[in-house]
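Coordinate inspection notes
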Amino acid sequence: MILDKKVKTTCSYCGVGCGIVAGVDAQNKVHVEGDQDHPVNQGMLCSKGMNLHYVVNDTSDRILYPEMRWSRSHPRERVSWDEGLDRAARVFKSLIQKYGPKSVGFYISGQCLTEEYYIANKLAKGFFGTNNIDTNSRLCMSSAVVAYKKTFGEDSVPISYEDIELADTFLIAGANPAWCHPILFRRLEKHKEKNPNVKIIVVDPRKTDSASFADIHLQIIPGTDIILYNAIGRKLIENGFSDKEFIKNHTENYLDYRNQVMATSIKDAAKLCGISVKEIAETAKLIGESKGFISMWAMGLNQSAVGTDKNFSLLNLSLVTGSIGKPGNGPFSLTGQPNAMGGREVGGMANLLAVHKDLNNPVHRQEVANFWGVNEISPEPGYSATEMFDALESGEMKAVWIICTNPMVSLPNSKRIERAMKNAKFVVVQDISHKADTLEYADLVLPAAGWLEKEGTMTNSERRISYLTKGINPPGEARPDVEILCDFARRMGFRGFNFNNTEEIYEEYCAMTKGTNIDISFLNYDRLKSEGTFQWPVPEYRHQGTPRLFANNKFYTPSQKAVFNIPAQIENTSEKTSKEYPLILTTGRIRDQWHTMTKTQKVSRLRTHYPSPVLEINPIDAYIDKVKDGDVVEVKSKNGIVRVKAKLSKNIREGVVFLPMHWGKQLQSDLNRANNLTNTVVDPQSKEPDFKFTTVS
Ligand SMILES: Nc1nc2c(c(=O)[nH]1)N[C@H]1C(S)=C(S)[C@@H](COP(=O)(O)OP(=O)(O)OC[C@H]3O[C@@H](n4cnc5c(=O)[nH]c(N)nc54)[C@H](O)[C@@H]3O)O[C@H]1N2
Ligand SMILES: Nc1nc2c(c(=O)[nH]1)N[C@H]1C(S)=C(S)[C@@H](COP(=O)(O)OP(=O)(O)OC[C@H]3O[C@@H](n4cnc5c(=O)[nH]c(N)nc54)[C@H](O)[C@@H]3O)O[C@H]1N2
Ligand code: SF4
Ligand SMILES: [Mo]
């Protein structure tokens with residue numbers, strides 16, 4: 001293939017943030033390869049990343065022009081951008097006037113670029129006057145955000161991927177990085193192959209590919225993590241592995257922690273978790289004797305009724321052993337989406353403010369208001385993701401603008417989401433694909449430009465900011481998300497959205513970070529393009545970025561000490577199994593599909609690994625229910641049903657069944673949708689849904 005040009009960019013899928021070189025030929029056809037010079041992946045790409053060109057080149061599903069329906073009884077028809085955005089502005093203005101700013105809101109995504117996120121926040125919080133802007137990061141990272149904030153004072157990931165090669169003990173908790181963060185896991189595999197002393201412990205009710213690679217697999221009963229990490233903490237203290245100097249000088253609240261972990265015997269803990277005393281002792285020994293201890297976690301911890309407390313109990317293991325601030329040590333939350341981190345930086349959720357400022361702090365609110373040139377920021381937290389759809393269902397909220405997320409498939413309890421969508425007065429969906437199920441409920445559909453069709457920045461799991469290049473033009477009339485938002489804002493009559501280009505938006509955001517702990521005021525597109533990626537903060541001229549935080553043991557809390565947070569209770573508070581619903585359903589990901597499949601489903605070679613959804617079930621449970629491998633089974637919860645084939649597997653714990661989260665109505669039926677079954681139970685601190693624990697039959 002003769003290449004017209006090659007551009008450097010970043011993968012649009014997971015939070016690992018691999019560098020990609022995209023080539024575009026004379027016919028505007030794209031092909032991709034791993035960027036050899038990129039510090040994250042050094043040329044490697046996983047199955048999803050290496051097939052991204054198919055997604056871009058196949059435009060058959062793309063939304064090509066705005067579509068609108070004038071009333072619910074009419075089908076949507078093609079309209080011009082002027083007609084669409086003018087109507088949106090009229091409707092939003094009149095709703096805000098009639099019912100107040102709380103009657104409208106945005107539901108956006110950790111896949112939005114930082115500039116898009118920033119503008120949507122400025123628009124809602126600064127100019128609509130409502131904090132009703134939340135994102136699918138609520139379904140994903142919000143438990144980790146709360147835990148980091150309460151432990152270190154800010155939502156700051158302390159370490160870097162380069163710490164992997166410096167560590168010898170890894171506790172992977174509630175995550176399956178072999179499938180979900182593959183290039184990161186590849187680095188870990190390589191490190192272990194070269195250094196046989198490296199030990200990996202995986203905590204998961206399923207024997208995943210990650211667990212199969214581990215030295216110890218703690219196959220716990222779902223929801224019992226806090227008991228497990230507390231028991232490990234107790235063992236560490238009893239066996240003299242705690243770092244007394246670090247605890248005394250650099251932490252708060254240790255005695256409360258000690259009291260809680262000592263209250264449960266190791267024997268009781270083992271029983272409650274469904275594992276052996278020996279496994280707990282061996283794990284504690286590995287962690288205690290290690291020179292570099294890294295914990296990694298994802299949705300098995302975050303998506304829980306006790307998600308924040310699970311996070312606390314895991315973070316406490318880094319504090320009790322003083323494993324932080326030193327090379328090869330630290331608690332490492334694995335970010336799911338490519339820019340969930342960037343979203344958190346610009347204050348992307350209903351209870352956050354830009355640049356890590358605090359919505360509860362009147363001084364911070366005024367600083368943000370002054371920066372944007374508005375009178376005030378509302379002190380009232382906005383609706384979280386699930387609350388927003390509750391409010392649409394009850395009629396308290398009238399309009400929602402959905403960008404880059406597909407809630408009809410991804411929010412819990414889908415039937416309820418359907419009701420909320422139907423009841424909403426006005427729904428705007430800004431997406432790239434006609435395959436997104438949420439479109440069914442849209443009054444106005446706006447076609448967005450996708451990956452490689454627009455420029456902007458993202459931040460990966462290790463705080464690394466990269467610039468994404470525009471390589472090709474979007475199809476039809478599709479426009480970059482940020483351009484759509486600024487155009488709409490101007491039609492609303494708001495000042496502050498007259499940017500000439502995306503770069504100016506980034507400059508405004510960078511200026512806003514000045515003097516904060518996420519200062520990137522010395523960063524700009526030129527530096528990102530010429531020097532490559534940077535890990536924040538980048539607070540001085542010529543600064544090269546910050547791979548590791550807290551090297552001086554000074555944290556961002558008022559006392560500058562890290563805080564042992566004590567879980568409110570050690571047991572899970574999810575709905576208990578019963579005679580009617582005796583099994584625990586957990587949901588999650590498969591290797592080759594991305595979320596609601598609008599992108600990966602288009603690629604035939606990504607469909608071969610799991611051609612259709614299956615229910616993983618242990619042979620003993622299958623025997624009791626008289627289910628054979630390949631039988632179609634009906635899975636029932638109090639919210640709905642799913643009908644899929646059963647796959648008998650000893651890799652899943654007895655009493656637990658697993659469904660992939662990906663399928664909506666792709667197969668022309670909604671009976672494959674895992675979220676028909678899940679509950680709207682959320683963690684009280686983070687408001688993150690309990691996706692990993694639903695009782696079913
Ligand atoms: N292939 C692929 N990769 C992805 C994504 C994708 O859609 N597809 N999505 C990205 C995103 S946004 C995210 S958030 C990440 C998610 O990445 P992960 O969190 O690694 O993925 P999941 O499959 O959701 O869940 C991880 C594991 O949690 C386990 N688990 C369930 N309950 C419990 C429990 O009570 N305790 C413990 N310890 N474990 C439990 C499940 O068995 C499952 O194996 O993946 C990212 N990467
Ligand atoms: N049962 C269960 N449910 C879950 C989970 C689980 O583990 N179990 N995990 C949760 C988690 S962690 C997450 S992150 C969510 C993910 O859930 P979603 O965010 O709903 O999933 P996606 O399929 O990534 O949705 C992205 C949408 O944006 C569109 N899109 C892609 N690129 C662009 C763009 O550049 N601009 C615009 N405007 N649109 C674009 C895509 O076509 C797609 O419709 O699911 C959550 N739901
Ligand atoms: S590991 Fe993540 S960022 Fe890297 S290629 Fe795969 S999906 Fe893309
Ligand atoms: Mo996620």
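Owing to the predicted nature of the structure, the values given are computational and were not obtained by experimental measurement.

**As for the site of ligand 1**
Taken together, 35 residues lie around ligand 1, and Asp 204, Gly 223, Asp 225, Arg 589 and Gln 593 are the ones closest in. Contact between ligand 1 and Arg 206: an oxygen atom at 2.8 Å from a side-chain N or O atom of the residue. The contact in question runs from a nitrogen atom of ligand 1 to an N or O atom on the backbone of Gln 593, over 2.7 Å. When the free accessible area of ligand 1 is taken as 920 Å², the share hidden by the protein chains comes to 99%. Of all the elements in the fold, those that place two or more residues in the shell around ligand 1 are α6 (177–180), α14 (299–302) and β21 (583–588). By residue number, the principal contributor to the shell around ligand 1 is α14, which donates 3 residues. Class assignment for the residues of the shell around ligand 1 results in 14 nonpolar, 13 polar and 8 charged. Both domain 3 (142–334 + 559–563) and domain 4 (583–680) contribute no fewer than three residues apiece to the shell around ligand 1.

**Notes on the packing of helix α9 (residues 225–238) against helix α15 (residues 307–320)**
Contact geometry of α9 with α15 gives a least axis separation of 8 Å together with a crossing angle of 15°. On the basis of the axis angle, α9 is roughly parallel to α15. Judged by the twist between their axes, the crossing of α9 over α15 is left-handed. Mapping the contact onto sequence places Asp 225, Ile 226, Tyr 229, Asn 230, Ile 232, Gly 233, Leu 236 and Ile 237 in α9 and Asp 309, Lys 310, Ser 313, Leu 314, Leu 317 and Val 320 in α15. Class assignment of the residues belonging to the contact of α9 with α15 gives a composition of 8 nonpolar, 3 polar and 3 charged.

**Quick look at helix α12 (residues 266–273)**
For α12, the full list of buried residues reads Ile 266, Ala 269, Ala 270 and Cys 273. Looking down the long axis of α12, one finds its buried residues gathered within 100° of arc, a one-sided arrangement. Among the exposed residues of α12, those oriented more than 90 degrees off its buried face are Lys 267 and Lys 271. Tucked inside the fold, the buried residues of α12 contact α9 and α13 (277–289). Looking one or two places after α12, you find Gly 274, whose phi comes out positive at around 75°.

**A few points about the side chain of Thr 114**
Summarising the element assignment, Thr 114 is placed in helix α4 (residues 114–128). Apart from residues lying up to four places away in sequence, Thr 114 is in contact with Asn 339, Gly 342, Val 346, Thr 457, Met 458 and Tyr 509.

**Brief notes about the nonpolar core**
Counting 178 residues, the largest nonpolar core has Phe 92, Phe 106, Phe 128, Leu 228, Tyr 229, Trp 401 and Phe 488 as its most contacted members. With sequence-adjacent residues up to four places away left out, Phe 488 is seen in contact with Leu 85, Ala 88, Ala 89, Phe 92, Leu 123, Phe 128 and Trp 401. Counting 26 residues, the second largest nonpolar core, distinct from the first, contains Ile 63, Ala 385, Met 388 and Leu 411.

**Observations regarding the sheet that holds strand β12 (residues 293–297)**
Across the sheet, 5 strands lie side by side as β10-β9-β8-β12-β13; this open sheet has parallel pairing. Looking along the sheet, the strands with just one partner apiece sit at the ends: β10 (216–218) and β13 (330–333). Pairs of neighbouring strands in the sheet enclose a mean axial angle of 15°, with direction left out of account. Bridge analysis of β12 against β13 gives 4 bridges, and the strand direction is parallel. Within β13, the residue paired with Met 296 across the bridge is Phe 332. Contacts from α13 reach β8 (169–173), β9 (199–203), β10 and β12, with the element oriented near 125° to β10. In the packing of α15 onto the sheet, contacts are made with β8, β12 and β13, and the angle to β12 comes to roughly 165°.

**Considerations on the packing of aromatic side chains**
If you walk through the whole model with that rule in mind, you get 30 aromatic pairs. Relative to Phe 426, the ring of Phe 92 lies with its centre 6.4 Å away and its plane at 75°, an arrangement referred to as edge-to-face. Here Phe 426 lies in strand β15 (residues 426–431) and Phe 92 lies in helix α3 (residues 81–99), a separation of 334 residues in the sequence. Centre to centre, the rings of Trp 401 and Phe 488 are 4.5 Å apart; their planes meet at 55°, and the pair counts as tilted. You can see Trp 401 sitting in strand β14 (residues 399–403) and its partner Phe 488 sitting in helix α21 (residues 481–491), a full 87 residues away along the chain. The buried category is assigned to Phe 488, whose relative accessible area is 0%. Taking NZ or CZ as reference, Lys 122 lies 5.2 Å from the ring centre of Phe 497, over its face.

**Some thoughts on the domain arrangement of the chain**
Split into domains, the chain comes out as domain 1 (3–57), domain 2 (67–140 + 339–535), domain 3 (142–334 + 559–563) and domain 4 (583–680). Averaged C-alpha coordinates put domain 1 and domain 4 at centres separated by 31 Å. Each side of the interface is counted separately: domain 1 has 8 residues, and domain 4 has 10 residues. Buried area between domain 1 and domain 4, both sides added, is near 890 Å², and the carbon and sulfur share of it is 62%. The interface formed by domain 1 and domain 4 includes 0 salt bridges. Taken together, domain 1 and domain 4 are joined by 4 residue pairs in polar contact (both at pLDDT 80 or more).

Calculation criteria
Residues numbered from 1 in each chain as written. Chains lettered and ligands numbered in written order. Predicted model: local features only at pLDDT ≥ 70, side-chain atom pairs only at ≥ 80, totals over all residues. Heavy atoms only, no water. Near = heavy atom within 4 Å. Polar contact = N/O pair within 3.5 Å; in protein donor to acceptor, adjacent residues only side chain to side chain. Areas by Shrake-Rupley, 256 points an atom, 1.4 Å probe, with all protein chains shown as cover. Helix = DSSP H or I, 4+ residues; strand = E, 2+ residues; numbered from the N terminus. Nonpolar A, V, L, I, M, F, W, Y, C, P; charged D, E, K, R; others polar. Domains from an automatic or database assignment. Axes fitted to C-alpha atoms, helices over the stretch in contact; angles between N-to-C directions. Parallel < 35°, antiparallel > 145°, perpendicular 65-115°, else oblique. Left-handed = near helix turned anticlockwise from the far one by under 90°. Contact = heavy atoms within 4.5 Å. Buried < 20%, exposed > 50% of the residue type's maximum accessible area, 1.4 Å probe, protein only. Arc of directions from axis to C-beta. Core = buried A, V, L, I, M, F, W, Y, C linked by side-chain atoms within 4.5 Å. Pairing = 2+ DSSP bridges. Phe/Tyr/Trp six-rings, centres within 6.5 Å; stacked < 30°, edge-to-face > 60°. Lys NZ or Arg CZ within 6 Å of the ring centre and 35° of its normal. Buried area = accessible area lost by both parts, 1.4 Å probe. Salt bridge = Lys/Arg side-chain N within 4 Å of Asp/Glu carboxyl O.

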